[in-house]
Amino acid sequence: MKKSERLNQMLRYINQKQHFTLKDLMGKFHISKRTALRDITALEEIGAPIYAEYGRYGGYRLLNQFQLPPISFNRQEVYALYFAMQALQSFSDFPFKVTFRSINEKFLQAVSEKQRDEIESMQYKISFRHTEQVADSLYLEILLTAAIKNVVLIISYRKDAKTLTRKIQPISVYAMKGFWYCQAYDLDKQAYRVFRCDRVTSVEETEIPPSRFLNDVTMHSAHSLWKPSEKAIHFKCLVDQRGAELFHQEYYPSMELIKDEEDIYIVGTYEIRELEFITKYLSSFGKSIKIIKPTTLKESLRQYYIELLERI
């Protein structure tokens, strides 16, 4: 990192932190003690109101909030931001009701003319081939806001031609294969669940106290909340390398990929009522998968293929 760029980031860091030590700067910016001291001197020279505190718990402190310079991006950062936006343009729904077009226009107006010309020429050299959004999600913003603020919601949820009422505490929202999903904790069932956002037909905020044990749960750790029932059926499938790649593209908290010497397996559980679902899921692996157990799952997949052949 160039010194000027490091000083800019350091200024924002200490302006937010207010009190800091040399050790803080050394760890944050991966610099030596000597470089940290020189950087502090450089910041003082441009007017940052820094003063030293001595003693066992000493360090440095800002006298008051410092007026920060406008954020600037280098050439690579401008391209990275632009193409990150390109990856989102297939979604008609965004949290907080923003559109790709408005963001894109503002972004191109903010960059220099030279950067704009380079972006316009580069956009024909790279593309993101992703699934177009299949269905609109009317309550996406409310679900995300509830996840951020730890608010319990009562939702109406459409499933199998029925509308169910659920009391949930949202954890996060994510997009996959053209749909938005909401990870949540079902307070009535005391279980982790994933809801497709476009199937939520109504939302009502409540004053119900949120579950405290969910405070530290993130999108990536939420799967650990999932627990199989006592009647859940265990399964095991052998897959090749192509099957392992397909698994990483789409999998569920009830399953995992394991390696045993040179072999790769998908292992997990499914509920009795989920036999049709797990059968369709495993059929997408084609020749890359072989079911080891149970026999009922083998027969279900075999019957699924027979029915497909009858339609040809």
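Reading the values: rules and limits
Residues numbered from 1 in each chain as written. Predicted model: local features only at pLDDT ≥ 70, side-chain atom pairs only at ≥ 80, totals over all residues. Heavy atoms only, no water. Helix = DSSP H or I, 4+ residues; strand = E, 2+ residues; numbered from the N terminus. Rg over C-alpha atoms; globule rule 2.2 N^0.38 Å. Buried < 20%, exposed > 50% of the residue type's maximum accessible area, 1.4 Å probe, protein only. Contact = heavy atoms within 4.5 Å. Disulfide = S-S within 2.5 Å.

Time to look at the overall build of the chain. Helix and strand counts for the chain come out as 10 helices and 12 strands. A compact globule built from 312 residues would reach a C-alpha radius of gyration of about 20 Å, whereas the chain, at 26 Å, exceeds it by more than 25%. Considered along the principal axes of its C-alpha atoms, the chain spans approximately 80 × 50 × 50 Å. Looking at the chain as a whole, 38% of its 312 residues are labelled buried. Across the chain, contacts joining residues at least 24 apart in sequence account for 58% of those joining residues at least 6 apart.

Note that T279 resides in helix α9 (residues 275-283). In this structure T279 touches L297, S300, L301 and Y304, once residues within four positions along its chain are discounted.

Next up on the list: the state of the cysteines. For the structure shown, the criterion picks out 0 disulfides. No disulfide involves C182; its nearest neighbouring cysteine sulfur is the one of C197, lying 5.4 Å away. The exposure class of C182 is buried, given its relative accessible area of 1%.

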